[in-house]
Amino acid sequence: MPPPNVGDFDHIVKSLDESHIKTDDVDFISYRNNFNKIMESPYNKNSWQINISKKPNSKSIHFDIVQLENSSSFPDSDRFTYQGYKFESECTGGGPVDRNSEFCSIIRTHLGNHTILMAAEIDCYQISEKNSRRPPKHPRNEVQVEAQVEESQDESQVEKSQDEINLKNYVELKTAKVINSEKAQFTWEKYKLLKFWIQSYLVGVPMIFCGFKDDDGKVVEISQIPTLSIPDRCRRRWDPTVCLNFTNNLLTWLKSEISEDGNFILKFQAPFQEVTLERVTNAQPVP
């Protein structure tokens with residue numbers, strides 16, 4: 001097969017170069033979604049594949065966008081997706097649904113002895129009212145949040161005080177079905193909250209706003225969920241240290257396996273007993 005297509009990864013590298021951010025001490029550069037899939041693997045057996053590259057004269061290992069295998073749409077998936085984006089739109093002041101409106105950040109973090117630069121699209125951030133010139137709180141929400149898009153910064157955005165775009169003000173917006181049975185409670189704790197925690201914990205987002213929907217898709221309740229409170233709520237379903245140790249051990253193994261530049265594919269697939277790493281060259285035939 002041909003080398004992995006790493007074209008999408010160029011956006012991260014370009015942003016780092018333009019911002020004069022040095023990566024000499026960075027072990028891994030990645031989109032957050034890759035780590036979402038890796039960290040939930042001990043509890044969620046879904047196949048995934050990540051293209052990896054290491055450039056000449058570079059210490060960093062690059063993770064390209066995750067590819068999901070055998071991921072077919074389920075009934076009403078388009079409707080549920082629209083409902084999620086509609087909730088985001090309503091929480092950020094209303095207006096047309098725009099799935100591309102997110103706040104794009106590159107965050108330096110550490111896991112064990114590994115230094116990671118992680119690119120993440122955050123839904124929005126909470127405005128500091130004392131510095132905001134925007135309208136007062138949205139009447140249907142407890143706080144006013146405003147989505148910002150990295151590619152469309154104008155002068156008013158640049159003038160914002162630094163505390164308004166601090167990590168502590170980042171917010172993720174989620175939707176879920178109303179919990180009205182033991183089965184729904186199990187799914188909420190075992191799978192939904194695991195995903196919520198991983199996604200927000202990885203980049204330090206402290207708060208999640210979740211809109212609970214009835215069978216008609218109408219949001220009937222909005223709950224604020226502090227990210228760091230989630231593991232305690234789900235102790236009987238999963239252990240956060242298992243996720244963190246699994247990821248840390250995988251990164252340690254990758255650093256030992258990828259000592260030279262090249263392109264690789266990292267896979268996790270049935271029967272889900274191990275993660276495999278394959279070097280990819282031009283000489284390999286296309287399957």
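Residues numbered from 1 in each chain as written. Predicted model: local features only at pLDDT ≥ 70, side-chain atom pairs only at ≥ 80, totals over all residues. Heavy atoms only, no water.

Scanning the model with the defined rule gives twelve salt bridges in all. With a closest N to O distance of 3.2 Å, Glu90 and Lys86 form a salt bridge. Of this pair, Glu90 and Lys86 are both found in helix H3 (residues 77–91), four residues apart, which corresponds to roughly one turn of the helix. The buried category is assigned to Glu90, whose relative accessible area is 19%. Here Asp215 and Lys177 are joined by a salt bridge, their closest N and O atoms 3.6 Å apart. You can see Asp215 sitting in the loop between strand E9 (207–213) and strand E10 (219–226) and its partner Lys177 sitting in strand E8 (residues 170–177), a full 38 residues away along the chain. Comparing Asp215 with Lys177, the two get one shared label, exposed. (Salt bridge = Lys/Arg side-chain N within 4 Å of Asp/Glu carboxyl O. Helix = DSSP H or I, 4+ residues; strand = E, 2+ residues; numbered from the N terminus. Buried < 20%, exposed > 50% of the residue type's maximum accessible area, 1.4 Å probe, protein only.)

Look at helix H2 (residues 32–40) against helix H7 (residues 240–257): their axes get within 8 Å of each other, and the N-to-C directions meet at 115°. The orientation of H2 with respect to H7, classified from their angle, is roughly perpendicular. H7 is crossed by H2, and the crossing has right-handed handedness. Between H2 and H7, the residues in contact are Phe35, Ile38 and Met39 and Cys243, Leu244, Phe246, Thr247, Leu250 and Leu251, respectively. Considering only residue class, the contact of H2 with H7 consists of eight nonpolar, one polar and no charged. (Axes fitted to C-alpha atoms, helices over the stretch in contact; angles between N-to-C directions. Parallel < 35°, antiparallel > 145°, perpendicular 65-115°, else oblique. Left-handed = near helix turned anticlockwise from the far one by under 90°. Contact = heavy atoms within 4.5 Å. Nonpolar A, V, L, I, M, F, W, Y, C, P; charged D, E, K, R; others polar.)

Across the interface, H2 lies against helix H5 (residues 182–203) with an axial gap of 10 Å and an inter-helix angle of 130°. Classed by the angle they form, the pair H2 and H5 counts as oblique. Considering how the two elements wind past one another, H2 and H5 form a crossing that is right-handed. Of H5, the residues touching H2 (which contributes Arg32, Phe35, Asn36, Lys37, Met39 and Glu40) are Leu194, Lys195, Trp197, Ile198, Gln199, Leu202 and Val203. For the contact of H2 with H5, the per-class residue count stands at seven nonpolar, two polar and four charged.

So, on to the nonpolar core. Judged by nonpolar contacts, the single largest core of 48 residues is most densely connected at Ile52, Phe63, Trp197, Ile230 and Leu254. For this core, the leading source of residues is H5, giving eight residues. Formed by seven residues, the second largest nonpolar core is a distinct cluster that contains Ile12, Leu16, Val26 and Ala119. (Core = buried A, V, L, I, M, F, W, Y, C linked by side-chain atoms within 4.5 Å.)

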